[in-house]
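# Overview (structure and organization)
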Amino acid sequence: MTDLSATSALLLVLWGTLVGLDLVSVPQAMIARPVIAGTVAGWLAGDIEAGLRVGVLFELFALDVLPVGAVRYPDYGPATVAAVALAADSPWEFSLGLSAALGLALAVLGGFSLQLVRRANARAIQHRTAALAAGESSAIRQLQYGSLARDAVRGAALTLLGLACAWGLARYAWLDRSTALGLTLVAVGCALSAVIGGALRGAGRGPRLRWLGAGALVGLLTAALR
Amino acid sequence: MNGGWQAWLRLFAVQGTWNYERMLGVGIGYAAEPLLEDLKTVDPVRHTEAVVRSAEFFNCHPNLAGLAVGATARAEYDGAPGAQIARLRTALCSPLGALGDQFFWAGLVPLLVGGTLIAAVLGVRWWAVFGFLALYNLARVATGVWALRTGLDAGMRVGSAIAQSWLSRATERVGPAAGFVVGAAIPLVGAWYLEPIGWPAAFGAVAVAATGVAVTRWFGASLTTVRFTLLALVLLVLFRWVLP
């Protein structure tokens, strides 16, 4: 991680806030997908390659998530932004593992913070029950804007915390090259296990499983021929 | 009835007030507000009742919420009994949730993400990012416009409008395509990471992947892949610390 300029850090926090909002609240344009969040964060931090390497890694984890109903899941958006900041301007083979550790811990924390926001939304609604029962449109609008503000603060706080941790790790967590490479290999292996596990679960035993197998065969052949 | 475009724009924030009690309810009320505005001058009492109903418990896939918003707003203007509108809302929750989850979360999103990963590792970087955002948002915006229009046109008959629509057929087709593309992406992404490191070391990563799949399937929800990964990373650091 290079010492980020104040402008870059500010832009990363702004980007982390936007991707934090995008996950659930608004506009769900998929900028919260790690591959998008990571690439743009890499560009903002001045290292697109690092952004892509981290973004693709977290995307493999995110493909294991099916956000249906009230299911609880990690928030990979701000986590990816912070992990990219840590990995920027270092050889990815040695920085990816530590960045993955930071990002995954933040993603879990992000998932937890999402529950807090949802509970705070419920409490706000309970306070406004009488106004909602009276059909006051202004109460609906105020609840909506209040909830969006809460989620924006959540995304900003998560990104700020992530950047602070990234700065601390870059400064104080010294790893020898073999340990750093080992962490990268473990992170890549685990990410592959996440996407394979998720794909198998999603495919079930029907025709989708056959299509998954056919795709894997084509992918293997293409990788071998490159 | 005016306010269609405003309602469509507000649907982008339909999950803004998501919570475990009313779920999408308040967001639906927020999106429905511009549509119900004209009712205020025609029948103020009905308008108040409609606003109350619009913000009650509701849950569905956010990209198909327009069907519910449009259909219930139309039903309010058509003077359908309140209890019947409440039943319509309840009846729409499960099918709109299931169809949307199958089409978007289990189909279109993995399909486009898989394609983006393939394009990114093959060297098409920014185009992959822009292509993903453009294709997804095109599909999402078109679906949103269609959903709101269909809901507004059909009213209480929205169920049969959904059954006759493209959605079920598209859901059947997008799932296998997503499976194929994600299947193709896995080895390509794996090779993209592991080839530069060297294949002997890569076998270690493949062994970790195989162990991860087996262990997380064995333990189920108690050991997610994220927990497994954090555990493996911490164990590796501890191991290297004890045996440098």
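Residues numbered from 1 in each chain as written. Chains lettered and ligands numbered in written order. Predicted model: local features only at pLDDT ≥ 70, side-chain atom pairs only at ≥ 80, totals over all residues. Heavy atoms only, no water.

The helix and strand inventory of chain B stands at 11 helices and 0 strands. Its helices and strands in sequence order give chain B the pattern α-α-α-α-α-α-α-α-α-α-α, from N to C terminus. The C-alpha atoms of chain B give 24 Å as radius of gyration, which overshoots the globular expectation for 244 residues (18 Å, by more than 25%). Buried positions account for 59% of the 244 residues belonging to chain B. Relative to all contacts within chain B whose residues are 6 or more apart in sequence, the contacts with residues 24 or more apart total 76%. Charged side chains in chain B number 17 positive and 13 negative. The centres of these two groups are separated by 8 Å. (Helix = DSSP H or I, 4+ residues; strand = E, 2+ residues; numbered from the N terminus. Rg over C-alpha atoms; globule rule 2.2 N^0.38 Å. Buried < 20%, exposed > 50% of the residue type's maximum accessible area, 1.4 Å probe, protein only. Contact = heavy atoms within 4.5 Å. Lys, Arg positive; Asp, Glu negative; His and termini not counted. Charge placed at Lys NZ, Arg CZ, Asp CG, Glu CD.)

With 80 residues of chain B at the interface, the matching set in chain A holds 92 residues. Between chain B and chain A, a total of about 7600 Å² is buried, with carbon and sulfur atoms accounting for 73% of that surface. Taken together, chain B and chain A are joined by 3 salt bridges. Here Glu-49 of chain A ties to Arg-125 of chain B by a salt bridge, and the two come within 2.6 Å at their closest N and O atoms. In this assembly, chain B and chain A are joined by 25 residue pairs in polar contact (both at pLDDT 80 or more). (Buried area = accessible area lost by both parts, 1.4 Å probe. Salt bridge = Lys/Arg side-chain N within 4 Å of Asp/Glu carboxyl O. Polar contact = N/O pair within 3.5 Å; in protein donor to acceptor, adjacent residues only side chain to side chain.)

Turning our eyes to something else, we now look at the pattern of salt bridges. Opposite charge on two side chains permits them to pair, given that their charged atoms come into close proximity. Under the defined criterion, the tally for this structure stands at 13 salt bridges over all chains. Of the charged contacts in the structure, one is a salt bridge between Glu-33 of chain B and Arg-141 of chain A, with a shortest N-O distance of 2.2 Å. One end of the pair, Glu-33 of chain B, is in helix 2 (residues 25–36); the other, Arg-141 of chain A, is in helix 7 (residues 137–172), on a second chain. On the basis of relative accessibility, which here comes to 10%, the residue Glu-33 of chain B falls in the buried class. On the basis of relative accessibility, which here comes to 28%, the residue Arg-141 of chain A falls in the partly exposed class.

Moving on: unusual backbone geometry. The residue after Val-26 of chain A, namely Pro-27 of chain A, is reached through a cis peptide bond having omega -5°. By the element assignment, Pro-27 of chain A lies in the loop between helix 1 (6–24) and helix 2 (34–45). For Met-23 of chain B, which is not glycine, the phi dihedral falls at a positive 50°.

Moving on: the packing of helix 3 (residues 48–62) of chain A against helix 6 (residues 82–121) of chain B. For the pair helix 3 of chain A and helix 6 of chain B, the least separation of the axes is 11 Å and the interaxial angle reads 150°. Seen along the crossing, helix 3 of chain A lies across helix 6 of chain B with a hand that is left-handed. For the pair helix 3 of chain A and helix 6 of chain B, contact is made by Leu-52, Val-56, Glu-59 and Leu-60 of chain A and by Val-113, Leu-117 and Ala-120 of chain B, respectively. (Axes fitted to C-alpha atoms, helices over the stretch in contact; angles between N-to-C directions. Left-handed = near helix turned anticlockwise from the far one by under 90°.)

Moving on, we get to the packing of helix 8 (residues 177–203) of chain A against helix 10 (residues 199–219) of chain B. Packing of helix 8 of chain A against helix 10 of chain B leaves a shortest axis separation of 7 Å and a crossing angle of 40°. It follows that helix 8 of chain A is oblique to helix 10 of chain B by the angle criterion. Viewed along their axes, helix 8 of chain A and helix 10 of chain B form a crossing whose handedness is right-handed. For the pair formed by helix 8 of chain A and helix 10 of chain B, the contact residues are Leu-185, Val-186, Gly-189, Cys-190, Leu-192, Ser-193, Ile-196, Gly-197 and Leu-200 of chain A on the first element and Ala-201, Ala-205, Val-208, Ala-209, Gly-212, Val-213 and Arg-217 of chain B on the second. (Parallel < 35°, antiparallel > 145°, perpendicular 65-115°, else oblique.)

All names here are of chain A. As for its position among the elements, Leu-106 is in helix 5 (residues 92–127). Of the residues examined, Leu-106 reaches a relative accessible area of 4% and is grouped as buried. In sequence terms Leu-106 and Gly-77 are 29 residues apart; their C-alpha atoms lie 9.6 Å from each other. Apart from residues lying up to four places away in sequence, Leu-106 is in contact with Ala-79, Ala-82, Leu-158, Leu-161 and Gly-162.

Assignment of secondary structure puts Asn-121 of chain A in helix 5. Within the local environment of Asn-121 of chain A, its side chain forms a polar contact with the side chain of Arg-150 of chain A, the two groups lying 3.1 Å apart. Excluding its chain neighbours within four sequence positions, the residues that come into contact with Asn-121 of chain A are Ser-147 and Arg-150 of chain A together with Gly-16, Thr-17, Trp-18 and Asn-19 of chain B.

Look at helix 7 (residues 126–154) of chain B: 41 Å from first C-alpha to last across 29 residues, which is about the 42 Å you get at 1.5 Å a residue. Positive backbone phi, approximately 60°, marks Gly-155 of chain B, located one or two places after helix 7 of chain B. (Expected span 1.5 Å × (residues − 1).)

Before going further, it helps to examine the nonpolar core. Residues Trp-15, Leu-57 and Phe-61 of chain A together with Leu-117 and Tyr-193 of chain B are the most contacted members of the largest nonpolar core, which totals 150 residues. The leading source of residues in this core is helix 6 of chain B, at 16 residues. Beyond its immediate chain neighbours, meaning those up to four positions away, Tyr-193 of chain B contacts Leu-52, Arg-53, Val-56, Leu-57, Trp-92, Leu-96 and Val-188 of chain A. (Core = buried A, V, L, I, M, F, W, Y, C linked by side-chain atoms within 4.5 Å.)

Moving on, we get to the environment of Leu-161 of chain A. Residue and element names in this part refer to chain A. In this fold, Leu-161 is placed in helix 7. Sequence separation between Leu-161 and Ala-122 is 39 residues, and the spatial gap between their C-alpha atoms is 26 Å. If near-sequence neighbours (up to four positions away) are discounted, Leu-161 is found in contact with Leu-106 and Leu-109.

With that settled, consider the environment of Ala-101 of chain A. Relative to the assigned elements, Ala-101 of chain A resides in helix 5. Taking relative accessible area as the criterion, Ala-101 of chain A reaches 22% and is therefore assigned partly exposed. Remark: the alpha-carbon pair of Ala-101 of chain A and Leu-183 of chain A, spanning 82 residues in sequence, is separated by 8.6 Å. Once you skip the residues sitting within four places of it in the chain, Ala-101 of chain A turns out to touch Leu-230 and Leu-233 of chain B.

Confidence in the prediction of chain B, expressed as mean pLDDT, is 95, and 100% of residues score 70 or more. Across the interface, the model reports ipTM at 0.95; the global pTM reads 0.95. (pLDDT = per-residue confidence, 0-100.)

Before going further, it helps to spend a moment on the packing of aromatic side chains. Scanning the entire structure with this criterion turns up 17 aromatic pairs over all chains. Taken together, a centroid distance of 4.9 Å and an interplanar angle of 85° make the contact between Phe-103 of chain B and Phe-104 of chain B edge-to-face. The same class applies to Phe-103 of chain B and to Phe-104 of chain B, which are both buried. What links up through ring pairs into an aromatic cluster is the set Phe-103, Phe-104, Phe-132, Tyr-136, Trp-146 and Trp-166 of chain B. The ring of Trp-92 of chain A has Arg-53 of chain A sitting right over it, with the charged end atom 4.0 Å from the ring centre. Taking NZ or CZ as reference, Arg-118 of chain A lies 4.3 Å from the ring centre of Trp-18 of chain B, over its face. (Phe/Tyr/Trp six-rings, centres within 6.5 Å; stacked < 30°, edge-to-face > 60°. Lys NZ or Arg CZ within 6 Å of the ring centre and 35° of its normal.)

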